[in-house]
Each structure stands twice: as C-alpha cells, then as structure tokens.
Amino acid sequence: MADPRKILVTSALPYANGPIHIGHLVEYIQTDIWVKFQKLRGNECIYLCADDTHGTAIMMSAQRTGCTEEEWIARISDEHQRDFAGFGIEFENYGSTNSPENYELCKQFWQSFRDAGLIRQEAVTQLFDDEKGIFLADRFVRGTCPKCGAEEQYGDSCDQCGATYSAREIVNPVSTLSGTMPSVKTADHLFIQIEELHGFLEEWTQSGDHLQSEIANYLKGHFLNEPLRDWDVSRPQPYFGFEIPDAPGHFWFVWFDAPIGYMASTKQYCDRTGDDFNQWWKNPDTEIHHFIGKDITYFHTLFWPAMLKVAEFTLPTKIHIHGFLTVDGRKMSKRDGTFVKAETFLKHLNPAALRYYYAAKLNNRVEDLDLNLKEFTAKVNTDLVGKVVNLASRTAKFVEDLGLSTEYPDDGGLFNQGAEAGEAIAAAYENCDFNRAMRLIMELADRANPFVENREPWNLRKDPERQQELQDVCTVALNLFRQIAIYLQPVLPEIAEKTSSLLGDPITYWEQAATPLTGTPVAKFEHMMKRIEEKDVDAMIDESKEENAAAAAEANTTQYNDSAQPLIDEPLAEEITFDEFVKIDLRVARVVKAEHVEEANKLLKLTLSLGGDETRQVFAGIKKAYNPEDLEGRLVVMVANLAPRKMRFGMSEGMITAAGPGGEDVFMLNIDEGAQPGQRVH
RNA sequence: GGGCCUGUAGCUCAGUUGGUUAGAGCAGGGGACUCAUAAUCCCUUUGUCGGCGGUUCGAGUCCGUCCAGGCCUACCA
C-alpha cells in the first residue's frame, strides 16, 4: 500500500440558531462517509467541526428566550452533538467559534491582514433599531418598495417588481425585531481589500482541481471577471462575537471568524491528543478538504483561500460542494411536515436507513438531492434488508456449530470478482460519487443471492452425507456478505460491526475485502437491520407537522406574521359598555407562594399578595405550563373581585389572567417594570 | 437579461476517448422455491436516447439551434 495520506476534513459549521434537520444531514453524512472511507483505507484522517455561534441572530435568540448568548449556544451545541452522534457521525473534535482558541487564531489572521496593509476603514450608514439598540441587516427591515409601492418588502429587494435598493431607501421601514421605525445611523466598518489577491484567486480557483468545474466556471463569470469589492468584516457594537483588539467597539463579522473555527477545532484536537497543529495547517503534504453547501460557496472559495494565503497557512486541497435537499420533489416545508429534525427522525426510524439512502443518491456534482419517501422505504428494504443482510440471515444459522470451512471453497470466481471490484468502488468513494459506489456494491449482492439459491443449503442440511458441502456453501455466502459489509462500512458502520462479531474478526481496513475468512467460528445470528415500515415514515411526518404548528405559534409573535387561527378558534365576544367593563377589578398581584395540588392534573395553588397583608388564594389551571418555583415572586394580573368559588381542593378567591388554548399553551400576562402589587389595571 | 446544469423505459439512474440489434435497479406481469425480516430466484413487457439541423463510413455520445425543467445571478456581500 502507498504511504498513508494525511487528510483533514471539515463540514460547514452549523449555525447555533436552531436544530439539526435532515437537510443539514446530507452534508454531515456525506462527509462522515468520506472520512470513514479514508480511515478504512488506512489514511490518517481527522474530521473536525464546531458550532458557528456569532452574529445578530444569536443575540436575538438568546434575548427571546431570556438567557445569555453563552447559555444559548451551550444548549444548542449539546443538542447538535447529540443529534450528530445519533446518526453515527463522528468528529475528532467538535468545537465552537466562541472559544479562546478561535479568538487567538482570529487575532493572528487579523494581524496578517494588518501587516499586509489590506485593511481600510470606512463609514457605513445603516438603519438602526433604537429600541433594541442594534444596527439592522437588510433582512431585519421591512417596508414599502420605493419603486412600485408594494408593501411588506424586505430591506434589500422587492418581491413584486424585483427592484433592488438599500434599506435606507425603503418607505416606512419597520424593524422586524422590535416593530419600531428605525433611525439612520452611521458607523465605521473595517474592510479587507481582497482585490489585492485577485490574481492569486484567479489562479487558485481555475487550476489544480480545487473546485468542481461548474463552481470554477461560476466564479470566473461572476466574481473574477471584475474587480473584487472590499469585504466588510466588522460590525459595530453591540454584536455577539469577538471584539477586534486594535479597534475597540468593532467586532469581527461572523463570517470572518466562522471558517477560522475549523482551525480552532483542530487546535483543540491537537491540545487534547498532543498532535502538532502545524502538521495539519502548515504542511504542504497535508490534504485539507472542506465539505459545504452551495449557499456558502463564495465564502469558502474566495474569502477563505484569501485568508489562508495572507496568513500563510495551507490552502484547501478541495472544496466539495453539494446541493440542497428536497423531499418528494419539493423544498422542505414545515407545513408539509417534511422539515424533519434529526431528533424527530431518530424517534421513528433507523439512522442507517438515511445514511444508505443519501449515499445511494449522492454524486460529486452540485445537484439537489431528492428524498422521495416511497423510494426511500423501498430502496432501503430491498437493498439492505432483502439483498445484503439476507445473505447472512439465510445462511449463518446453518453453520453455527460448524464455523467456516478451513479452506475457501470454489465459488465460481465470485469472491475474486468482488475483490477486483474493490478498486473501482474505492475510486467512486474517493471521488464522492457514492451513488456509483453503492451501485457497484449492490451488483455484488445481486450475484451472491443466486449463488445461495442454486446451491440450496436448506436441502443440503437435511443430508448428513453433504455436511461439508453445506459448510462450503455457507462459507462462500458469508464471505461474500462480509466483503459487501466491508465495502459498506463507511456508510453502515453498525452492520460492519455486527458482521465482525458474527464472524469473530474485526473489520478495520479495506483490503480485508480481498481475502476470504476461513476456519473461524460463526456466532448465533442476530437481526442486523429492521425493515422500514410506511407507518413509521408517516408518523415521523405527522410529528414534524405538529412541531411546526407549535413553533409557528412562537415565531409569529416575533415576526408579525400572525395567524388568523386564534380568532377563528375563539371569536370576539359580544360588545359591552364601559360601565360593564369597569365592574371587573383587575389588580397587579405578587405570587408569594405557589404549590402543587395533590390529585390535581391542571391546577396550581397560588397565594397572591395585593400588598400589605392582603392576600388571596387562587387555584389556577396552569400546572402544565408553569413550574411553581418559577412563579414565586413574579407579578401577575388577577381578577380581584370575582366571587369566591368552592373547589374540590379549597376556596379559589379570584383568577389569574392568561391567554392561550390551555394545557401546555398558557401564557400569563406580564406587567412592565415599576408596577406595584395592589394597583388596579385600567 | 446573463451564467451554469439537466433532459435515456412508469420511477431512479448507468452508458467509458463517437463503433455493431441502447442497459441496470425498482415498479408491473408470469412462474419457482421455502433457508431467510411475505425476504429470495428465474422468465418477461416498455424506449422516435427532449425536437430539429449538421459533422462523420458510423452519434445517446461531437457541433449548432430550438423546447422543457432546475439552480445561481441581475450591480448585496
């Protein structure tokens, strides 16, 4: 074998703003398969990733949920890592762009740009949300199109007439963050003069097979055919990110520190294992492979190589760009339930099924990949259960006592054919043409099953004279099966592991597929993979729909894209007079005690203070929505003059005001800071 | 408007540097077997290879053009 290659692999850093879904998984599964393949081939390969944690959207999410940014990203990171692990995706290190290692590296890159004289400063005028105190990116502004007058358009362009403009030109702008009208404010930004690297980028993108050809063409026609504009890499405070050391009040734009996160994650890996960081990032013999989606192409094909060049690190060997996922031919949709979270998938289906299906569909072009749910079920069941696993399950038990023959029997050349196919399969894996690899592997299974059929081990079994022949037939079948399991190991590591235990020989390297196993015992056969049932797929889609309904309720409050459903569910009541209204005495009250009520499913027992010694005992149906501990001390709004009512658990002397359909969806009224218990609500 | 990609059996796709009657898997139809997760095996139907024109002894494969679909762009990075 040739000398092992030294290969560093990354997937794009998932943004710490939401859960991993099946769309993300295309990339992580693709990358993980490639990495596992490299390892199986005996190469030294490390797979690194991290959460991308900076930017305005993270600030908003943290604010919305009432926690600090650090708490928010810690929680998301845990969820992401849990989901990846659930799909068998294994990283050498999973970091965060909000790490000290990343900060140090950012400083280093920054200094390189300073030293090269490529940074300049310029004032940028932007819309500013006075209430939230932040500058508004275009997508956070909505208003009326200055050209055609269409309402509710985003800050950069109009859906109706297609006009593009700056957010400052939009008529009646509204911040989608606060709903207020933004003001105009100017702040200094720092720019990298990337045009200085034009020649280098031209050369790098157009040569050396660093990019898929369609991407190289695209860059040539779109960016490299004119001077590159300066890249705005700073954001004024407040911004969740790293403050630029030599420019107080300025923070690195999230896209500046995000790719550096690949290196920070490597640094953490090296610090933990004692490996040498420079062997990975300052070593021309190391291959660096980035797997990304087509949406972030130019960050990785222009800015990132430019950054590495200036800071004198190793340039990527190849940027592997994939398309998006569609489900049943359409964009993933929350309403259709096809926006399936990784977590939800795992509740209903085997992750190996998705790994195999994606492998069977992936090629090395920038093409969208369609998850056709019917095909998914059929393909996984037919190929994996029916053809591959079946080989073992139909023969293993015949040789549980005998083990494998001590010499590999005549199989008509099947095993050798399989061994010879190895290089073509490996080449397909290497080129990320997994679709081709899967096809080639399935051809092997298609040849193996007829062999078993023709030799009829189930009849041999009945004849004591032909036990040797029985053992030989099963030895062949199990070896053909094992050969396939080895080739499939990058995609289906669990099957390979189960095969290892079945035949008592660990699968650890690719070349094992070229030598048959003989004379080893065969363990009791255990199921390796369950068939996918249509009802499980349906249940997964249904659950995704329900999740969406709940999430939509939350999102609506922040985006003003409010549903009409609540009014439909509960139409407006009959008109009343002012005199009727003032009969209701609403008071601010403080929850001084909140406790569970034994035997009650929905009720909490609250003791409310109206100030002084005045208290009321109220039973409120909010048990499913609130924890008693969280309520104590907070202010609520109560109906204070409601006639007391005898309940099973005691007297209730009023009502807490809250909205929502009930159950877990109860939302108590909050009162702004400054209100005092006992004050009347008018 | 510009750029890129795709268009081969009902579906998903293979078709190598142009070379004889265009392939596979799935689905459909018929049969066999019963070891296996109603798995497996055998047989079997279907194509103006998007249209038109050209180069060539010969084109799904090259060139032109048109049609259809997708993606990216339209002076934002």
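What this report covers is the structure whose coordinates are included nearby. Since this is a predicted model, take the numbers as computed values, not measurements.

Regarding the overall build of chain A
Helix and strand counts for chain A stand at 21 helices and 27 strands. Its C-alpha atoms give chain A principal-axis dimensions of roughly 100 × 75 × 50 Å. The proportion of buried residues among the 682 residues of chain A is 51%. Taking the contacts inside chain A whose residues are at least 6 apart along the sequence as the reference set, 73% of them involve residues at least 24 apart. Carbon and sulfur atoms make up 47% of the accessible area of chain A, which amounts to about 32300 Å² in all. A distance of 4 Å separates the average location of the 68 positive side-chain charges in chain A from that of its 107 negative side-chain charges.

A closer look at the packing of helix H13 (residues 414–430) against helix H16 (residues 467–488)
When two helices pack together, their arrangement is given by the angle between their axes and by how far apart the axes lie. Contact pair H13 / H16: the axes reach a minimum separation of 11 Å and the direction vectors enclose 5°. Classed by the angle they form, the pair H13 and H16 counts as roughly parallel. Note on element contacts: H16 touches H13 through Asn 479, Leu 480, Gln 483, Tyr 487 and Leu 488, opposite Leu 414, Phe 415, Gly 418, Ala 419, Gly 422, Ile 425 and Tyr 429. A class-by-class count of the residues in the contact of H13 with H16 yields eight nonpolar, four polar and no charged.

Regarding the sheet that holds strand S13 (residues 286–293)
Here five strands make up an open sheet; going across it, the order is S3-S2-S1-S13-S14 and the pairing parallel. Each edge of the open sheet is held by one strand with a lone partner, namely strand S3 (93–96) and strand S14 (318–322). The average angle at which neighbouring strand axes cross in this sheet is 20°, direction not considered. Pairing geometry for strand S1 (residues 6–11) and strand S2 (residues 44–51), over five bridges, is parallel. Residue pairing for S2: Ile 7 is matched across the bridge by Cys 45.

Let's talk about the pairing of strand S20 (residues 615–620)
Where strand S19 (residues 604–609) lies against S20, six bridges are found, and the strand directions are antiparallel. The partner of Leu 606 across the bridge, within S20, is Val 618. Where S19 folds back on S20, the antiparallel hairpin that results is connected by five residues, among which Gly 611 adopts a positive phi of roughly 95°.

A word on the environment of His 54
Within the fold, His 54 resides in the loop between S2 and helix H2 (56–64). Between the C-alpha atom of His 54 and that of Asn 217, which follows or precedes it by 163 residues, the distance is 32 Å. Beyond its immediate stretch of four places on either side in the chain, His 54 contacts Tyr 15, Thr 97, Asn 98, Phe 240, Gly 241, Phe 242, Val 254 and Asp 257. Within the structure, the side chain of His 54 is placed 2.8 Å from the side chain of Asn 98, a separation counted as a polar contact. In terms of polar contacts, His 54 uses its side chain to reach the side chain of Asp 257, at 2.8 Å.

Overview of the side chain of Thr 657
Take Thr 657: it is sitting in the loop between strand S24 (655–656) and strand S25 (658–662). You can call Thr 657 buried: its relative accessible area is 15%. Engagement of the side chain of Thr 657 in a polar contact is seen with the backbone oxygen of Val 637, the distance being 2.7 Å.

Notes on the protein's contact with RNA strand B
Close contacts around RNA strand B come from 34 residues, with Arg 229, Tyr 298, Glu 453, Met 529 and Arg 531 the closest. Here, RNA strand B places atoms within 4 Å of the protein, and 72% of those atoms are sugar or phosphate. The side chain of Arg 229 places a nitrogen or oxygen atom 2.5 Å from a phosphate oxygen of RNA strand B. A distance of 2.7 Å is found between a sugar or linking oxygen of RNA strand B and a side-chain nitrogen or oxygen belonging to Glu 453. Listed by contribution, the elements that provide at least two residues to the surface near RNA strand B are helix H6 (213–222), helix H9 (297–310), helix H12 (373–393) and helix H14 (434–455). Per-element tally for the surface near RNA strand B: the top contributor is H12, with eight residues. Counted by class, the surface near RNA strand B contains 11 nonpolar, eight polar and 15 charged residues.

Description of the packing of aromatic side chains
Enumeration over the complete set of coordinates arrives at 31 aromatic pairs. An angle of 45° between the planes, with centres 5.6 Å apart, marks the rings of Phe 223 and Tyr 298 as tilted. With Phe 223 in the loop between H6 and strand S10 (231–232) and Tyr 298 in helix H9, the pair connects residues that are 75 residues apart, well separated along the chain. With relative accessibility at 22%, the residue Phe 223 sits in the partly exposed group. For the pair Tyr 298 and Phe 299, a centre-to-centre distance of 4.6 Å together with 35° between the ring planes defines the contact as tilted. On the basis of relative accessibility, which here comes to 12%, the residue Phe 299 falls in the buried class. Every member of this aromatic cluster is reached through a ring pair, and the members are Phe 223, Trp 231, Trp 255, Tyr 298, Phe 299 and Phe 303. Over the ring of Phe 253 we find Arg 235, and its NZ or CZ is 3.8 Å from the ring centre.

Quick word on the state of the cysteines
Within the structure shown, the criterion is met by zero disulfides. Cysteine Cys 45 is unpaired, with the sulfur of Cys 432 as its nearest cysteine sulfur at 11 Å. The class for Cys 45 is buried, based on a relative accessible area of 5%.

Description of H16
Side chains of residues three or four places apart in an α-helix project in the same direction, reflecting 3.6 residues per turn. Taking 1.5 Å of rise per residue, the 22 residues of H16 would be expected to cover 32 Å, and the 31 Å separating its terminal C-alpha atoms lies within 8% of that figure. Counting buried positions over the 22 residues of H16 gives 19, a clear majority of the element.

Concerning a positive patch on the surface
On the surface, Lys 397, Arg 461, Lys 462 and Lys 524 cluster together into a positively charged patch. Note on placement: Lys 462 falls in the loop between helix H15 (457–460) and H16. Lys 462 gets classed as exposed once you look at its relative accessible area, which sits at 60%.

Comments concerning the environment of Tyr 626
Note that Tyr 626 resides in the loop between S20 and helix H21 (628–631). Spatially, the C-alpha atoms of Tyr 626 and Phe 667 are 9.1 Å apart, while their sequence positions differ by 41 residues. Beyond its immediate stretch of four places on either side in the chain, Tyr 626 contacts Leu 604, Leu 631, Arg 634, Val 666, Phe 667 and Met 668.

Overview of the sheet that holds strand S16 (residues 330–331)
Strand pairing in a sheet takes place through backbone hydrogen bonds and is either antiparallel or parallel in direction. Spatial strand order, S16-S15-S17: three strands in an open sheet with mixed pairing. Here the strands that pair on one side only, and so sit at the sheet edges, are S16 and strand S17 (369–371). For strand S15 (residues 325–327) and S16, the ladder comprises two bridges, and the chain directions are antiparallel. Looking across to S16, one finds that Val 327 is bridged to Arg 330.

Definitions and limits used
- Residues numbered from 1 in each chain as written.
- Chains lettered and ligands numbered in written order.
- Predicted model: local features only at pLDDT ≥ 70, side-chain atom pairs only at ≥ 80, totals over all residues.
- Heavy atoms only, no water.
- Helix = DSSP H or I, 4+ residues; strand = E, 2+ residues; numbered from the N terminus.
- Buried < 20%, exposed > 50% of the residue type's maximum accessible area, 1.4 Å probe, protein only.
- Contact = heavy atoms within 4.5 Å.
- Areas by Shrake-Rupley, 256 points an atom, 1.4 Å probe, with all protein chains shown as cover.
- Lys, Arg positive; Asp, Glu negative; His and termini not counted.
- Charge placed at Lys NZ, Arg CZ, Asp CG, Glu CD.
- Axes fitted to C-alpha atoms, helices over the stretch in contact; angles between N-to-C directions.
- Parallel < 35°, antiparallel > 145°, perpendicular 65-115°, else oblique.
- Nonpolar A, V, L, I, M, F, W, Y, C, P; charged D, E, K, R; others polar.
- Pairing = 2+ DSSP bridges.
- Polar contact = N/O pair within 3.5 Å; in protein donor to acceptor, adjacent residues only side chain to side chain.
- Near = heavy atom within 4 Å.
- Phe/Tyr/Trp six-rings, centres within 6.5 Å; stacked < 30°, edge-to-face > 60°.
- Lys NZ or Arg CZ within 6 Å of the ring centre and 35° of its normal.
- Disulfide = S-S within 2.5 Å.
- Expected span 1.5 Å × (residues − 1).
- Patch = residues over 30% accessible without salt bridge, like charges linked within 9 Å, V, L, I, M, F, W, Y side chains within 5 Å.
- Salt bridge = Lys/Arg side-chain N within 4 Å of Asp/Glu carboxyl O.

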